[in-house]
Amino acid sequence: MITSLAHIAEPVTTVAPDIFGDVGVSLYHYLFVSATLFALGVIGFLTRRNMIVMFLCTEMMFQAAGLALIAFSKYHLNHSGEVFVIFVLTIAAAEAALALALVVLLFRRRETLNAEDWALLRG
Amino acid sequence: MIQTILTPMFAETDASTEMLEKLGFLTPEIALFVTTCLVMIIGLSSSRSIRDTIPIVSVIGLGVAGFLAYTNQSTIAGAALGGIMPFLKTLIAIVGIPLVLLMSGTVDRDYENAVARGLPFDSIRSNRGEFYAFLLFSLTGLMLCASADDLIWLFLALELTSLPTYVMVSISSGKAKSQEAGIKYFFLGAVGAAIFLYGFAMIYGATGTTVLFAGDGEYSITTAFAADLADGALSPIATLGVILAIIGVCFKIAAVPMHFYTPDVYEGAATPVSAFLAFVPKTAGFVAILLLLSAVGWGFGAEGTSLPEPIRITLWIIAALTMTFGNVLALLQQNIKRVLAYSSVAHSGYMLVGVIAGPGDGGSIASNGLGAVLFYILCYGFMNVGAFAVLACLERSSGDEIETFEDIRGLCETNRVLGWVMVLCSASLLGLPPLLGFWGKLYLFTSGISAGEYALVAILGLNSAIAAFYYLKLIAGPLLDEPGESAKGLRETPYVGRVIAATVSAVSVVALVPFVNVLANAANDAATVTPAQAQTLDGSEAKIESPRSDDDA
């Protein structure tokens, strides 16, 4: 059983990283990849204008959270995080179905996937 | 009742009794879910007259759910805000009924009209049943938010509230505007969900559990946070998690970093759906924020009545910006739906003041910010539904929705009932005494002052003054002006449900005033916080330093 998590913010050298195997991959590496994925998702969402790509960027943000959950789950040696991820994947699937339906609906009206071509609502 | 049915099905173990307890406090949700399934099945009927019973079935289901919520006073074990559940669920069911009534004639209107004129009814082409089912699913999700005692549960409930609303916006009218609004709403909603999910992941990472509250002093996020705070501060990762979760939920309550979709989506959706969006996701967001923050607790600071500083500052900035942006931008709008959308943004800012103020000493509603928030949700539900219902009841002779202030000029003269509903609801939204909205705002003010948030209360007062400019236009236009050319060309939509919803809301805004004391006390009791016992993961009481043991790998 783990006692305290105060050390979680300490530098990697002071924390034993060996729970992820002895290949030198620690929780921090997972969190770094997760944060990178999340940031890429945000940047992509803000800069791209293709509706499918924008949706994929939000999916990437979901998966970033999923990766963080799994890494923490392994780190804490309990399964709550992994269970959480299964539910997250379910929600992500529901959102994917919804997103594609909505995009198809718009595409039928006007044959474009560019979000900027839709500007009926501007304040 | 549920207990007697289910007891023989489970062996008498701890897990099964725990599960039965949980099912016991979920009776309103179960009733609502059964109604939802029933509505979906009725919606498949090939007979038009059977399908027409859908709104009635929905209202009955909500009534039953409300009754069950009112009689079922069970609370979540170990929750800091245990009493919030019956109050909120009853409130949701009560405000849900006018919302359902308001929806009449929203979906497939052109098709229904064509059928009424003699076109043979084609059961495949109408999707009214699904629309009502989505609405009830969303309300079920909202009730589930109020019963959440686990991060996974809270996440799923928030998504169950939101996902149906994206579809509702898209199919609410046959126009391209609604579909554009739907996709805009969906994309920003997905980003919001991803952000609070990331926040939840960080909270899990910091504490090692997804359980928000647990009975019998078992380890949970609440006890872990309490242990952290006993050491002086939350760990950086926990703080980051809570802040990210709040920012993500800001999408649901339409608060500042995630508010910019609000006017577009409210304008694009059919007016009854806009009313729905202004109440249901907003309430879900506030419930989520209250539950998360009750796990953190308001026991920080010298007097022990404040949130941890980084979280308090974040909320402070969000609240101040939300109020100001909402009101200033509302001033610049010509379209009434956009004005009401920005006013809904501003109202979120007001309610955040109560969240920051915290529960106080729990003695009375005057110092209990959380009670004030719950009470304000009730007030806001009625006055907001009323204001939107007036817009939904009127249309141009071309069949378009009414849009500008010009359209409602002299409404009291041309349509007495709707005119007065607009006047009363706008006055209440403005906070004019003695209407319901005034009392809601008063408690927010007093709780802010008693928590020592003088600067924030000053901003709140200033914003109420700015808001007067546009609410007075909504009051004086119908009441004092002569009806203009465009106002004379308006006609009332042929849906009785919408007029009932408008009237019920306006009457509540006035008739509930004598009961303010009762309601406010109920809100205060619901929002009384029991402080958490500090505890660390190994089950011991909080210690200053508890280094990681070696045998855990």
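Given the structure is predicted, the values throughout are model-derived calculations rather than measurements.

Reading guide: rules and limits
- Residues numbered from 1 in each chain as written.
- Chains lettered and ligands numbered in written order.
- Predicted model: local features only at pLDDT ≥ 70, side-chain atom pairs only at ≥ 80, totals over all residues.
- Heavy atoms only, no water.
- Helix = DSSP H or I, 4+ residues; strand = E, 2+ residues; numbered from the N terminus.
- Buried < 20%, exposed > 50% of the residue type's maximum accessible area, 1.4 Å probe, protein only.
- Contact = heavy atoms within 4.5 Å.
- Areas by Shrake-Rupley, 256 points an atom, 1.4 Å probe, with all protein chains shown as cover.
- Axes fitted to C-alpha atoms, helices over the stretch in contact; angles between N-to-C directions.
- Parallel < 35°, antiparallel > 145°, perpendicular 65-115°, else oblique.
- Nonpolar A, V, L, I, M, F, W, Y, C, P; charged D, E, K, R; others polar.
- Salt bridge = Lys/Arg side-chain N within 4 Å of Asp/Glu carboxyl O.
- Core = buried A, V, L, I, M, F, W, Y, C linked by side-chain atoms within 4.5 Å.
- 1 Å grid on protein atoms, 1.4 Å probe; cavity = no way out; pocket = protein on both sides within 12 Å on 5 of 7 lines; lining within 4 Å.
- Points joined across faces, edges and corners; volume = space filled by probe spheres on them.
- Polar contact = N/O pair within 3.5 Å; in protein donor to acceptor, adjacent residues only side chain to side chain.

Trainee: How would you summarise the overall build of chain A if you had to cite specific residues and measurements?
Mentor: Scanning chain A for helices and strands turns up 3 helices and 0 strands. Counting from the amino terminus, chain A carries its helices and strands in the arrangement α-α-α. Counting every position in chain A, which comprises 123 residues, the buried fraction comes to 41%. Restricting the contact set of chain A to residue pairs at least 6 apart, pairs at least 24 apart contribute 55%. About 6,400 Å² of surface is accessible on chain A, with carbon and sulfur atoms providing 68% of the total.

Trainee: Describe the packing of helix H2 (residues 51-76) of chain A against helix H3 (residues 80-109) of chain A, with residues and values.
Mentor: All names here are of chain A. Running from amino to carboxyl end, H2 crosses H3 at an angle of 175°, the nearest separation of the two axes being 9 Å. Judged on the interaxial angle alone, H3 and H2 are roughly antiparallel. Considering only residue class, the contact of H2 with H3 consists of 17 nonpolar, 5 polar and 3 charged.

Trainee: Kindly report on the pattern of salt bridges, identifying the contributing residues and their values.
Mentor: One pass over the full model with this rule turns up 15 salt bridges over all chains. Here A:Arg49 ties to A:Glu116 by a salt bridge, and the two come within 3.7 Å at their closest N and O atoms. Of this pair, A:Arg49 sits in the loop between helix H1 (27-47) and H2 while A:Glu116 sits in the segment after H3, placing them 67 residues apart in sequence. As a salt-bridge pair, B:Arg409 and B:Asp481 come within 3.6 Å of each other at their nearest N and O atoms. With a gap of 72 residues between them, B:Arg409 in the loop between strand E1 (394-396) and helix H18 (411-414) and B:Asp481 in the loop between helix H21 (454-480) and helix H22 (485-488) connect regions that are remote in the sequence. Residue classification places B:Arg409 among the partly exposed positions, given a relative accessible area of 27%. Since its relative accessible area comes to 32%, B:Asp481 is described here as partly exposed.

Trainee: Summarise the nonpolar core; cite the residues concerned and give the values.
Mentor: Judged by nonpolar contacts, the single largest core of 218 residues is most densely connected at B:Leu139, B:Phe200, B:Leu293, B:Ile311 and B:Leu352. Leave out the neighbours within four places in its chain, and B:Leu139 touches B:Leu32, B:Leu62, B:Ile92, B:Gly96, B:Phe276 and B:Val280.

Trainee: Break down unusual backbone geometry for me, citing the residues and quoting the values.
Mentor: At the junction of B:Pro433 and B:Pro434, the peptide bond is cis and its omega measures out at 5° in the coordinates. Looking at where B:Pro434 falls in the secondary structure, it is placed in the loop between helix H19 (416-430) and helix H20 (436-450). Positive phi outside glycine occurs at A:Leu77, with the angle close to 55°. Here A:Leu77 shows up in the loop between H2 and H3. One non-glycine residue, B:Ala254, adopts positive backbone phi at about 60°.

Trainee: Could you give an account of empty space enclosed by the protein, with specific residues and numbers?
Mentor: Regions of empty space are outlined by a rolling probe, equal in size to a water molecule, passed over the atoms. All names here are of chain B. Under the defined criterion, the tally for this structure stands at 3 cavities of 30 Å³ or more. Roughly 40 Å³ of internal volume is contained in the second largest cavity. Ranked by residue count, the leading element in the lining of the second largest cavity is helix H6 (residues 84-102), at 3 residues. Class assignment for the residues of the lining of the second largest cavity results in 5 nonpolar, 2 polar and 1 charged.

Trainee: Quick rundown of the environment of A:Thr36? Include the residues and the values.
Mentor: Here A:Thr36 shows up in helix H1. Residues A:Thr36 and A:Met61, 25 residues apart in the sequence, show an inter-C-alpha distance of 9.6 Å.

Trainee: Outline the interface of chain A and chain B, listing residues and values.
Mentor: Contact with chain A, which involves 52 residues of that partner, is made by 53 residues of chain B. Across the chain A-chain B interface, the total number found is 0 salt bridges. Run the count over chain A and chain B and you get 9 residue pairs in polar contact (both at pLDDT 80 or more). Of all the secondary-structure elements, those providing two or more residues to the side of chain A that touches chain B are H1, H2 and H3 of chain A. When residues of the side of chain A that touches chain B are assigned to their parent elements, the largest contribution, 16 residues, is made by H3(A). Considering only residue class, the side of chain A that touches chain B consists of 38 nonpolar, 11 polar and 3 charged.

None of this, on its own, says anything about what the molecule does.
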